[in-house]
Each structure stands twice: as structure tokens, then as C-alpha cells.
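What the coordinates show
Here is what each chain is made of, one letter per residue.
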Amino acid sequence: MQHTDLMRTRLTRLFEAAVAAARAENCLPQHLPPAETNGRILLLAAGKAAGAMTAVAERVYLDEHGLSPDRLTGLCVTRHGYARPTRHIPVIEAGHPVPDSAGVEGTAKCLEIAAGARPGDRIVVLLSGGGSANWVAPVTGVSLADKQAVTRALLRSGAAIDEINTLRRHLSRIKGGRLAAARGAGSLMTTLAVSDVPNDEAIAIASGPTLPDPSTLADARALLARYVPNPPASIVAALADPRNETPKPGDPLFDDTRFEIVARPALSLEAAAQAARDMGYEAILLGDSLEGEASEVAAAHAARAIALAEEGRRCVLLSGGELTVTLRGDGRGGPNQEYALALAVALDGHPDIFAVAGDTDGTDGGSGAADDPAGALVDPTTLSRARAEGHDAAAFLARNDSTGFFGALNDLLRPGPTYTNVNDFRAVIIDKPEARRP
């Protein structure tokens with residue numbers, strides 16, 4: 001196998017190691033609470049991992065715990081293309097990142113199921129990234145179309161995900177603790193989450209439907225003014241209505257609730273680090289919660305990688321987090337592909353550096369289709385191959401067309417839906433070919 005092909009294979013293996021650590025079958029079973037003596041288990045799931053989490057939870061309760069099917073009910077709402085086969089719990093596929101009517105319908109049913117919980121029932125909420133878009137229940141006076149318009153504006157603005165979620169929480173009847181508020185009296189609630197957010201901030205996972213919300217309507221109004229210059233009038237009115245304030249820490253409605261993270265970016269990054277060590281590399285972890293403009297982070301990582309190459313190090317730079325892209329062009333792509341393109345430009349064909357950047361959910365930006373690319377691969381031939389095809393990498397970067405650039409080179413990372421989500425994953429390998437090592 002040629003050196004470049006070997007490096008690309010290793011990069012793919014590192015990505016796969018990170019994803020495997022966060023799969024529901026590997027991280028969920030040991031955390032599922034037992035059923036109460038006489039009560040029911042009500043499974044409510046949302047997000048990109050929701051289908052897989054629901055299928056695993058079904059198996060555990062029905063087969064391992066021996067729970068009677070008549071004591072298990074619920075509903076799963078996941079992204080289009082992310083459903084998994086289930087035996088008992090219905091699954092609805094809904095829009096992401098822009099919500100759709102299927103999400104509205106599914107969310108209404110989830111709120112109804114929670115409200116119907118009886119004393120002794122345990123509601124098990126299974127959350128993952130994407131839940132904010134999948135569970136959509138606009139507050140009174142706000143239409144789905146208005147929420148879609150604001151969501152699109154925020155996604156184009158460069159707003160950080162925690163800022164987007166602050167607005168989402170105050171425009172929703174399920175987010176920001178309102179699912180906990182909707183549950184039937186005397187019921188118990190356990191939330192098990194796959195974290196896709198920087199620093200594992202619990203309230204940010206699916207916009208915290210079962211947690212108290214420390215942000216306020218005033219915070220949401222300030223963010224709307226900053227990122228959405230001409231918002232729909234209904235959104236402005238909703239954020240001025242005190243009835244849309246979310247429940248806060250200390251509210252007794254959160255008694256008899258429990259929240260636990262079962263998979264997080266740090267664990268996936270460590271799994272990739274161990275895989276790198278098994279390949280004989282030094283693993284250098286840059287952090288699991290990196291934020292910032294994708295192109296700027298890429299430039300910094302390129303400089304770090306070049307310095308390590310000059311030292312003769314044989315290592316892998318690993319990082320996670322969620323980068324952003326402020327759109328200035330009309331191209332296609334996502335933050336992982338943008339990072340990869342900016343990295344390729346900054347490396348300028350360095351002969352000893354190879355990289356992959358991909359979203360662990362299997363899709364990175366794009367149209368919202370399940371077969372969108374997850375990211376892209378970079379090697380020393382990336383720019384030369386592009387030039388041979390008549391492509392100017394800097395021009396593609398300027399118009400935010402990373403999908404077009406890497407698609408022309410057949411360098412897109414396309415794992416398909418992974419049925420989990422612990423945010424972005426980046427690996428940069430610094431390694432000389434055997435023949436050129438001292």
C-alpha cells in the first residue's frame with residue numbers, strides 16, 4: 001500500500017474509533033434505570049441518536065429486564081434517514097437542522113405521553129444532538145414558518161450553538177425544562193444524553209427539555225437583535241411575553257428528575273487517541289470543546305502540525321468541539337469541510353501531513369439529507385490534484401464551497417448516518433514515509 005493510501009486508511013480508522021465509542025449499544029445499556037415495581041416505562045427520544053437509543057432501550061427492557069410490553073410505551077423522533085428498526089416504540093423522522101411539520105406532530109405526541117404519566121411511572125428521556133430541531137413545539141402565536149425563518153437566519157449568521165439554543169428554549173413549549181413541567185404528577189423522570197456540545201453543558205443538549213434554564217427572555221431578545229436583523233413580528237412578540245420565560249434552577253418541578261450524560265466528546269477523543277497509539281503514534285489532544293471560525297482554527301492547526309513536522313515528530317493532533325462558518329459565498333459545505341479546505345490551503349502540500357475532519361453524526365452541513373458528506377480528507381496531493389483539474393482552492397474557500405472542492409477530488413468523507421453524535425472530530429497525522437525517515 002502506498003504511503004498516502006495508508007495514511008488515509010488510518011485517518012478513517014481514527015474517525016471510526018471515535019464514533020464507535022459513542023454508539024448506543026456501547027454506552028447506553030448500563031445507565032438505563034430499572035422499571036418501578038408496578039409502573040410503566042415511558043420512552044421519549046429525540047435527536048440523531050434517538051433511533052439507535054430507542055432500539056437499545058427496548059431490547060434491554062423487554063429482553064434483559066423482562067418487562068411486559070404493556071408496561072412499555074413512548075415515541076422516538078429522529079432526523080430524516082436516522083430511524084432504526086424498533087419492535088414496540090414508534091419512530092417519526094423529522095427535519096434537521098431546520099424543523100418541519102413532522103417534528104411538530106411528533107413533539108405534540110411526546111408532550112401528550114408525558115402529561116399522561118401516572119404516579120409510579122418512570123419517563124426515560126433519551127436525548128442527543130439534533131433534538132433541538134426534532135422536538136419543535138412553537139409557543140402560542142408563533143408559527144412553524146416563523147421558527148424556520150429564524151433558524152435559517154441563525155444558521156447563516158455564525159451564531160454559536162449555545163446562542164441558537166437560548167433563543168430556541170424561549171420559543172418552545174418543550175425545551176428549557178418544559179418537558180419536565182409537562183409530566184404527569186407523581187411520575188419520575190430520568191434523562192440519558194449523548195453530549196454533542198462544548199464542555200458538555202447539559203442545558204445545551206437538545207436545548208435542555210428536562211433541565212432548569214439559567215438563560216432569560218432578555219438574553220434571547222439580545223441575541224435576536226444581534227443575529228436576526230428583521231425577525232418576524234410574532235417572534236418579537238413572543239420574546240416580550242413573560243409567559244414564555246423558562247423554569248429556573250431551584251424550581252420544585254425538577255424534583256424526582258435525574259440527568260446523566262452517557263457518551264461525550266472526551267470519551268470518543270480518547271478512544272481515537274488510543275487507536276492512534278496502537279498505530280504507533282504519539283497522541284496530542286488539543287481539546288474536545290474547540291469553538292471558533294473553522295478557517296481560523298484550521299490555520300492554527302496547520303501551523304502547529306508544520307512545527308511538529310519540522311521537529312521530526314511522529315504524532316497525531318486530535319480535537320473535537322463545534323466550529324462555525326460565517327457564510328460569505330453561495331457554495332455548499334459545513335464546518336468540517338470548511339476546516340479541511342482551509343487546512344489544505346494553509347499546509348500548501350506539506351509532504352508529511354495528512355488530515356480528516358468529520359461530524360460524528362455522519363453529515364456535515366449540506367442540504368439536511370442523510371447522505372450529505374460528514375467531512376473531508378486532506379493529503380499532500382490535495383492542492384496539486386485540484387490544480388490539475390483547474391480548481392483554485394482559495395477561490396472555493398472564499399465562496400464557502402468546500403463540498404464542491406472535495407467532491408471534485410473524490411475526497412469527501414461519506415460514512416452515512418452513524419446513529420450517534422458527539423460533535424466534530426478532527427485528526428491531523430504527522431508522519432514521513434519510511435524511506436525518508438532518519
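Take the overall build of the protein next. Helices and strands together make up the secondary structure of the protein, namely 16 helices and 12 strands. A compact globule built from 438 residues would reach a C-alpha radius of gyration of about 22 Å, and the protein, at 22 Å, matches this within 12%. Over its C-alpha atoms, taken along the principal directions, the protein stretches across nearly 70 × 55 × 35 Å. The buried share of the protein, taken over its 438 residues, is 58%. Across the protein, contacts joining residues at least 24 apart in sequence account for 82% of those joining residues at least 6 apart. Counting only carbon and sulfur atoms, one obtains 50% of the accessible surface of the protein, whose full area is about 16400 Å². Mean positive and mean negative side-chain charge positions of the protein (43 and 54 charges, respectively) differ by 2 Å.

Below, the discussion takes up the sheet that holds strand E3 (residues 91-94). Strand order in the open sheet formed by 6 strands is E3-E2-E1-E4-E5-E6, and the pairing between neighbours is parallel. With one partner strand each, in any of the chains shown, E3 and strand E6 (257-263) form the two edges of the open sheet. Geometrically, the sheet is characterised by an average inter-axis angle of 15° between neighbouring strands, direction not taken into account. Where strand E4 (residues 122-127) and strand E5 (residues 188-194) come together, 6 bridges link them in parallel fashion. Within E5, the residue paired with leucine 126 across the bridge is leucine 192. Set on the sheet, helix H3 (residues 50-64) makes contact with strand E1 (41-46), strand E2 (72-79), E4 and E5; between it and E2 the angle comes to about 160°. Where helix H4 (residues 101-115) meets the sheet, it contacts E1, E2, E3 and E4, and its direction lies at approximately 155° from that of E2.

All right, on to the nonpolar core then. Of all hydrophobic cores here, the largest spans 36 residues; its most connected members are Tyr339, Leu343, Phe405, Phe406, Val428 and Ile430. When neighbours within four sequence positions are excluded, phenylalanine 406 is seen to be in contact with Gln337, Ala340, Leu341, Ala376, Leu377, Val378, Thr382, Asp411 and Leu412. By size, the runner-up hydrophobic cluster in this structure holds 31 residues, among which are Leu28, Ala52, Ala57 and Tyr61.

Once that is clear, we can look at the pairing of strand E8 (residues 315-321). Burial analysis of E8 places 7 of its 7 residues in the buried class, which makes it a mostly covered element. The alternating pattern of E8 places Cys315, Leu317, Ser319 and Gly321 and Val316, Leu318 and Gly320 on opposite faces, both of which are buried. Direction of pairing for strand E7 (residues 282-285) relative to E8: parallel, over a ladder of 4 bridges. Within E8, the position partnered with leucine 285 by the bridge is leucine 318.

As a further point, take the sheet that holds strand E10 (residues 375-378). The strand order across the open sheet built from 6 strands is E7-E8-E12-E9-E10-E11, with neighbouring strands paired in mixed fashion. The open sheet has two free edges, formed respectively by E7 and strand E11 (412-413), since each of these has just one partner strand. Taken strand by strand, helix H11 (residues 265-278) contacts E7, E8 and strand E12 (424-430), and its axis lies near 170° from that of E8.

Applying the stated criterion across every chain, the model contains 21 salt bridges. A salt bridge links lysine 248 to glutamate 245, with the nearest nitrogen and oxygen atoms 3.0 Å apart. Judged by relative accessible area, lysine 248 falls into the partly exposed class, the value being 23%. Of the charged contacts in the structure, one is a salt bridge between aspartate 379 and arginine 385, with a shortest N-O distance of 3.4 Å. Overlapping salt bridges, with partners in common, bring together Arg8, Asp379, Arg385 and Asp411 in one network.

Direction vectors running N to C along helix H7 (residues 161-169) and helix H9 (residues 217-227) enclose 120°, while the axes themselves pass 9 Å from each other. Of the possible angle classes, the one that applies to H7 and H9 is oblique. Pair H7 / H9 crosses with left-handed handedness. In this structure, H7 contributes Glu163, Thr166 and Leu167 to the contact, and H9 contributes Asp219, Ala220, Leu223, Leu224, Arg226 and Tyr227.

Turning our eyes to something else, we now look at the side chain of arginine 10. Its location among the elements puts arginine 10 in helix H1 (residues 3-21). A relative accessible area of 16% places arginine 10 in the buried class. In contact with arginine 10, other than residues within four places in its own chain, are Met279, Tyr281, Arg314, Ile429 and Asp431.

Moving on: the environment of arginine 183. Structurally, the position occupied by arginine 183 is in the loop between helix H8 (178-182) and E5. C-alpha separation for the pair arginine 183 and isoleucine 123, spaced 60 residues apart in sequence, amounts to 8.4 Å. Residues within four places of arginine 183 in sequence aside, it is in contact with Ala114, Ala115, Ile123, Leu188, Met189, Leu253, Phe254, Asp255, Asp256 and Thr257. Separated by 3.3 Å, the side chain of arginine 183 and the backbone oxygen of alanine 180 make a polar contact.

Right, let's talk about H3 for a bit. Between its first and last C-alpha atoms H3 spans 20 Å; for 15 residues at 1.5 Å apiece the expected length is 21 Å, and the two agree. By the criterion of burial, H3 is predominantly enclosed, with 11 of the 15 residues buried. Among all positions in H3, only Ala50, Gly51, Ala52, Met53, Thr54, Val56, Ala57, Glu58, Val60, Tyr61 and Leu62 are buried. Elements that come into contact with the buried residues of H3 comprise helix H2 (24-27), E1, E2, E4 and E5. Looking one or two residues past H3, glycine 66 carries a phi angle of roughly 70°, positive in sign.

Here arginine 8 is to be found in helix H1. Note on arginine 8: relative accessible area 17%, which makes it buried. Sequence-distant contacts of arginine 8, that is, excluding residues within four places in its chain, are made with Leu377, Asp379, Arg385, Asn410 and Asp411.

Here we take up the packing of aromatic side chains. One pass over the full model with this rule turns up 4 aromatic pairs. An aromatic cluster is built from Phe396, Phe405 and Phe406, whose rings are joined through pairwise contacts. The ring of tyrosine 419 carries arginine 84 above its face, with NZ or CZ at 4.0 Å from the centroid. The lysine or arginine in question, arginine 314, covers the ring of tyrosine 281, its NZ or CZ lying 4.4 Å from the ring centre.

Calculation criteria
- Residues numbered from 1 in each chain as written.
- Predicted model: local features only at pLDDT ≥ 70, side-chain atom pairs only at ≥ 80, totals over all residues.
- Heavy atoms only, no water.
- Helix = DSSP H or I, 4+ residues; strand = E, 2+ residues; numbered from the N terminus.
- Rg over C-alpha atoms; globule rule 2.2 N^0.38 Å.
- Buried < 20%, exposed > 50% of the residue type's maximum accessible area, 1.4 Å probe, protein only.
- Contact = heavy atoms within 4.5 Å.
- Areas by Shrake-Rupley, 256 points an atom, 1.4 Å probe, with all protein chains shown as cover.
- Lys, Arg positive; Asp, Glu negative; His and termini not counted.
- Charge placed at Lys NZ, Arg CZ, Asp CG, Glu CD.
- Pairing = 2+ DSSP bridges.
- Axes fitted to C-alpha atoms, helices over the stretch in contact; angles between N-to-C directions.
- Core = buried A, V, L, I, M, F, W, Y, C linked by side-chain atoms within 4.5 Å.
- Salt bridge = Lys/Arg side-chain N within 4 Å of Asp/Glu carboxyl O.
- Parallel < 35°, antiparallel > 145°, perpendicular 65-115°, else oblique.
- Left-handed = near helix turned anticlockwise from the far one by under 90°.
- Polar contact = N/O pair within 3.5 Å; in protein donor to acceptor, adjacent residues only side chain to side chain.
- Expected span 1.5 Å × (residues − 1).
- Phe/Tyr/Trp six-rings, centres within 6.5 Å; stacked < 30°, edge-to-face > 60°.
- Lys NZ or Arg CZ within 6 Å of the ring centre and 35° of its normal.

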